[in-house]
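# Report on the structure
For reference, the chains in residue letters:
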Amino acid sequence: MRFAEHWSHATVVATRDLAPTIREIILEPDVPTGHWAPGSHISVAVLIDGQPERRSYSLIPCADGHLRIAVRLADDSRGGSRAMWALQPGSRLEMSNPTSLFKIDWSRKHYCLIAGGIGVTPMLAIAATLARRDVGLSMHYAAKSREDAALHDELGALLGDRLALYHSAATARLDLAATFAALPTDAVAVVCGPLRMIEAAKHAWADAGRAASDLCFETFGSSGRLPTREFRVRIGTTGQEILVPRDRSMLDVLNAAGFDVISDCQRGECGVCAIDVSRVDGEIDHRDVFFSAEQKHQNGKICPCVSRANGTVTIDTLYRADELPSQAA
Ligand SMILES: Cc1cc2nc3c(=O)[nH]c(=O)nc-3n(C[C@H](O)[C@H](O)[C@H](O)COP(=O)(O)OP(=O)(O)OC[C@H]3O[C@@H](n4cnc5c(N)ncnc54)[C@H](O)[C@@H]3O)c2cc1C
């Protein structure tokens, strides 16, 4: 989905560590952003290896017209979160207006919020909005450890015993099947967390016989099952091989090589960039949430915006942009 984006500047007012790898950053925008929908995020401009890039950060409720975000320092990263962690009070940055990717039906009577790790950030505003209304509400928050559970105290103050925290030292485990089975039929679930959590939630939601449209989710990134490393793409029709380096996406590399691969969300959600795969010598690391588990298992298509591989992936149907005129003639 595309939004009308407006970019302006903001000044960092304060920073503070909420957890060993999660830093809160308070921003004062030059242009007041006004009301933003719960679950909204801003995009910010960052320089990675001297190149302009953008990264998105969810908004956490904050007083005084300031904007509050929390950034996890990502290991295995191209550098966006490192650039955010380098910000100090007084630093300036360019940011977009807030927008939301969540399509939550706010008219329901029951809601179940599920957060994993840094996926907690959009949940605070969503939980605060729902807590003010007369609706059934529960939240399940899974973190690596109690120490890593950023914003847990704020959520606890808001939700009391409607909040359950799961971490490695706790005895209780998040049981999605049981959680969904216990929900009233009109309930909506909102999930934000790592790819594996979203996949598991989609699976459990479907198994519980619930409508796919009643499960809202947002993905933050592209971490996968396998470490991020370089791999090769072979164009089936010509045999041409292209290297996808560790720090670039398959989509970027194909477009830079002159193939017009259309794309939209670039988060592995919309499937617009999906490409047919004819052979895999190695293993595909599907990092999208668009294809079903069965489709991923079949390896017939790949979302090149986020998914990667080990080895070589052969794709067909691509043509070089400069061959178009002769083909069209
Ligand atoms: C709507 C939205 C809201 C978000 N909200 C937050 C938030 O509140 N807090 C927060 O910390 N983050 C949030 N994010 C994620 C954030 O935008 C960044 O993606 C994150 O900070 C990591 O950026 P990075 O450059 O450090 O890491 P990246 O380089 O983007 O790496 C992140 C992951 O991608 C993998 N990766 C690395 N290189 C590649 C490559 N070439 N191709 C594919 N995958 C690769 C790595 O394995 C790594 O695990 C949000 C993202 C979205 C879309």
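Scoring rules and cut-offs
Residues numbered from 1 in each chain as written. Predicted model: local features only at pLDDT ≥ 70, side-chain atom pairs only at ≥ 80, totals over all residues. Heavy atoms only, no water. Helix = DSSP H or I, 4+ residues; strand = E, 2+ residues; numbered from the N terminus. Buried < 20%, exposed > 50% of the residue type's maximum accessible area, 1.4 Å probe, protein only. Contact = heavy atoms within 4.5 Å. Areas by Shrake-Rupley, 256 points an atom, 1.4 Å probe, with all protein chains shown as cover. Domains from an automatic or database assignment. Axes fitted to C-alpha atoms, helices over the stretch in contact; angles between N-to-C directions. Parallel < 35°, antiparallel > 145°, perpendicular 65-115°, else oblique. Nonpolar A, V, L, I, M, F, W, Y, C, P; charged D, E, K, R; others polar. Pairing = 2+ DSSP bridges. Right-handed = clockwise from strand over helix to strand, strands pointing away. Near = heavy atom within 4 Å. Polar contact = N/O pair within 3.5 Å; in protein donor to acceptor, adjacent residues only side chain to side chain. Salt bridge = Lys/Arg side-chain N within 4 Å of Asp/Glu carboxyl O. Core = buried A, V, L, I, M, F, W, Y, C linked by side-chain atoms within 4.5 Å.

### Concerning the overall build of the protein
Across its full length, the protein holds eight helices and 17 strands. Each principal axis of the C-alpha distribution contributes one length, and for the protein these read about 65 × 50 × 40 Å. Within the protein, the fraction of its 329 residues that count as buried is 47%. Taking all contacts inside the protein whose residues are at least 6 apart in sequence as the whole, residues at least 24 apart take part in 65%. Summed over all atoms, the accessible surface of the protein reaches about 15700 Å², with 51% contributed by carbon and sulfur.

### With respect to the domain arrangement of the protein
Taken as a whole, the protein is organised into domain 1 (7-99), domain 2 (110-218) and domain 3 (231-321). Averaged C-alpha coordinates put domain 1 and domain 3 at centres separated by 30 Å.

### A word on the packing of helix α2 (residues 121-131) against helix α3 (residues 152-159)
Packing of α2 against α3 leaves a shortest axis separation of 10 Å and a crossing angle of 10°. In terms of their interaxial angle, α2 and α3 are classed as roughly parallel. Residues Leu-124, Ala-127, Ala-128 and Ala-131 of α2 pack against Glu-154, Leu-155, Leu-158 and Leu-159 of α3. Taken together, the residues that form the contact of α2 with α3 break down as seven nonpolar, no polar and one charged.

### So, the side chain of Arg-287
Mapped onto the secondary structure, Arg-287 falls in the loop between β15 (275-285) and α7 (293-298). Among the residues examined, Arg-287 registers a relative accessible area of 4% and is labelled buried.

### Things to note about the sheet that holds strand β13 (residues 231-235)
Ordered in space as β14-β13-β17-β15-β16, the five strands form an open sheet in which the pairing is mixed. This sheet does not close on itself; its edge strands, each paired only once, are β14 (241-244) and β16 (301-302). As judged from the four bridges shared by β13 and strand β17 (residues 308-315), these two strands associate in the parallel manner. Note that in β17 the partner of Val-233 across the bridge is Val-313.

### A look at the pairing of strand β8 (residues 110-116)
The element β8 is largely enclosed, with a buried count of six among its seven residues. In this structure, β8 lies alongside strand β9 (residues 136-142), joined through seven bridges in parallel fashion. Bridge assignment links His-110 to a residue of β9, and that residue is Gly-136. Once you follow β8 into α2 and on to β9, the crossover reads as right-handed. Across five bridges, β8 lies against strand β11 (residues 188-192) in parallel orientation. Counted as the bridge partner of Cys-112 is Ala-189 from β11.

### With respect to the sheet that holds β9
Taken in spatial order, the five strands line up as β10-β9-β8-β11-β12 in an open sheet, and their pairing is parallel. The open sheet has two edge strands with one neighbour each: β10 (163-166) and β12 (215-218). Adjacent strand axes in the sheet meet at a mean angle of 15° when their direction is disregarded. Relative to β10, β9 is paired through four bridges, and the arrangement is parallel. From the neighbouring strand, Ala-142 faces β10, where its bridge partner is Tyr-166.

### What to know about the site of the ligand
Inspection of the region around the ligand gives 32 residues, with Arg-55, Tyr-57, Arg-78, Gly-80 and Thr-228 positioned closest. The side chain of Arg-55 places a nitrogen or oxygen atom 2.7 Å from an oxygen atom of the ligand. Contact distances for the ligand include 2.8 Å between an oxygen atom and a side-chain N or O atom of Ser-77. For the ligand, whose accessible area on its own is 950 Å², the fraction buried by protein is 93%. Counting only elements with at least two residues in the shell around the ligand, the list comes to β4 (51-58), β5 (67-72) and α1 (80-85). Here the shell around the ligand gets four residues from one element, more than from any other, and that element is β4.

### Some thoughts on the pattern of salt bridges
In total, this model carries 20 salt bridges according to the counting rule given. Glu-5 serves as the salt-bridge partner of Arg-54, at 2.4 Å between the closest nitrogen and oxygen. With Arg-54 in strand β4 and Glu-5 in the segment before β1 (7-19), this pair connects stretches of sequence that are 49 residues apart. Arg-92 is paired through a salt bridge with Asp-30; the nearest N and O atoms lie 2.7 Å apart. Residue Arg-92 is found in strand β6 (residues 92-96), and its partner Asp-30 is found in the loop between β2 (22-29) and β3 (40-48); the two are separated by 62 residues along the sequence. Of the residues examined, Arg-92 reaches a relative accessible area of 45% and is grouped as partly exposed.

### Looking at the nonpolar core
In summary, soluble globular proteins display a tendency toward joint burial of nonpolar side chains. In this structure, Leu-113, Met-123, Ile-126, Met-139, Tyr-141, Leu-155 and Val-190 are the most contacted members of the largest nonpolar core, which totals 32 residues. Contributions of two or more residues to this core are made by β8, α2, β9, α3, β10 and β11. Of all the elements, α2 adds the most residues to this core, at five residues. Residues lining this core come from more than one domain, with at least three contributed by each of domain 1 (7-99) and domain 2 (110-218). Setting aside its immediate chain neighbours within four residues, Met-123 contacts Leu-113, Ile-114, Ala-115, Met-139, Val-190, Val-191 and Cys-192.

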